[in-house]
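Chain by chain, the residues run as shown.
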Amino acid sequence: ARINRAVSTMNSGPARKPANRQQREEIMRAIFIDFDGVLHPAGGPAGSCLPFEWLSDLAVILSTHPAIRIVVHSSWHLTYPHEEIREFLSALSAHEIDIVGPGEKLQAITAYRSAHPEIERGLVIDDEPSEFPAGFPLQVVACDPATGISCQHVKSQVTAWLDHTNTHPSGC
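All values reported here derive from a predicted model rather than from experimental measurement. (Residues numbered from 1 in each chain as written. Predicted model: local features only at pLDDT ≥ 70, side-chain atom pairs only at ≥ 80, totals over all residues. Heavy atoms only, no water.)

### Examining the pairing of strand E1 (residues 29-33)
Across the 5 residues that make up E1, a large majority, 5, are buried. Of the two faces of E1, both are covered, the one formed by Arg29, Ile31 and Ile33 as well as the one formed by Ala30 and Phe32. Across 5 bridges, E1 lies against strand E2 (residues 68-72) in parallel orientation. Following the sheet pairing, Phe32 is matched in E2 by Val71. The β-α-β motif built from E1, the intervening helix H2 (residues 55-62) and the parallel element E2 has right-handed crossover chirality. With 5 bridges joining them, E1 and strand E4 (residues 121-126) adopt parallel strand pairing. Directly across from Phe32, in E4, lies its bridge partner Val124. (Buried < 20%, exposed > 50% of the residue type's maximum accessible area, 1.4 Å probe, protein only. Helix = DSSP H or I, 4+ residues; strand = E, 2+ residues; numbered from the N terminus. Pairing = 2+ DSSP bridges. Right-handed = clockwise from strand over helix to strand, strands pointing away.)

And the structure:
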């Protein structure tokens, strides 16, 4: 059943949209997430760590912020179809979930933001902050690859970003 997982994800379907029109219009912020080192400890082949150990930590943080779009920038999007990635994130079903296009993280996130000008603020959660140069327009929250989003310091940074009410277009 896991033969042909290396499929092109360019035409694997639209993002899951919130049913409520008002909620769709309010989406102006997005969190770009990696999987390895963020939702589970880094290491091992893609898919060997399901279900994600720390997905519930992210779900709790986001529970009072339903208008946040979740955008996956994990390399898993190169191996798994978009609908399967959304299933992996089923605990976040109250949120719109989308996936970046092909390319390295930096280029894929930049292209996604260009294609989605409605996103005025963004946050990147990743265990490899060196992939994002100084001057990158989004705040980057760095995770220890062994503790990911389960770390209290990371949770605090994400919560502070979520609670920040100034919608500055630069992502700051």
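So that's the structure; there's more coming.
### Side note on the packing of aromatic side chains
For any pair of aromatic rings, the description rests on two quantities: the centre-to-centre distance and the angle between the ring planes. As enumerated under the stated definition, the model contains 9 aromatic pairs in all. An angle of 50 degrees between the planes, with centres 5.2 Å apart, marks the rings of Phe52 and Trp76 as tilted. Here Phe52 is found in the loop between E1 and H2, whereas its partner Trp76 is found in the loop between E2 and helix H3 (82-88), with 24 residues between them in sequence. Look at Phe52 and you get buried, because its relative accessible area is 6%. Ring geometry for Phe132 and Phe136: centres 5.2 Å apart, planes at 50 degrees, overall tilted. Like Phe136, Phe132 is buried. Feature note: the residues Phe35, Phe52, Trp76, Tyr80 and Phe88 constitute an aromatic cluster, connected by ring pairs. The lysine or arginine in question, Arg29, covers the ring of Trp161, its NZ or CZ lying 5.2 Å from the ring centre. (Phe/Tyr/Trp six-rings, centres within 6.5 Å; stacked < 30°, edge-to-face > 60°. Lys NZ or Arg CZ within 6 Å of the ring centre and 35° of its normal.)

### Here we look at helix H5 (residues 152-163)
It helps to recall that an α-helix has 3.6 residues per turn; residues three or four apart then point in one direction. With 12 residues, H5 ought to run about 16 Å at 1.5 Å a step, and its terminal C-alpha atoms sit 16 Å apart, in line with that. Looking only at H5, the buried set comprises Val154, Lys155, Val158, Trp161 and Leu162. Angularly, the buried residues of H5 cover 130 degrees about the axis, an arc narrow enough to put them on a single face. Exposed residues lying more than 90 degrees from the buried face of H5 are Gln152 and His153. Residues of H5 that are buried in the fold lie against E1, H2, E2, E4 and strand E5 (139-142). (Expected span 1.5 Å × (residues − 1). Arc of directions from axis to C-beta. Contact = heavy atoms within 4.5 Å.)

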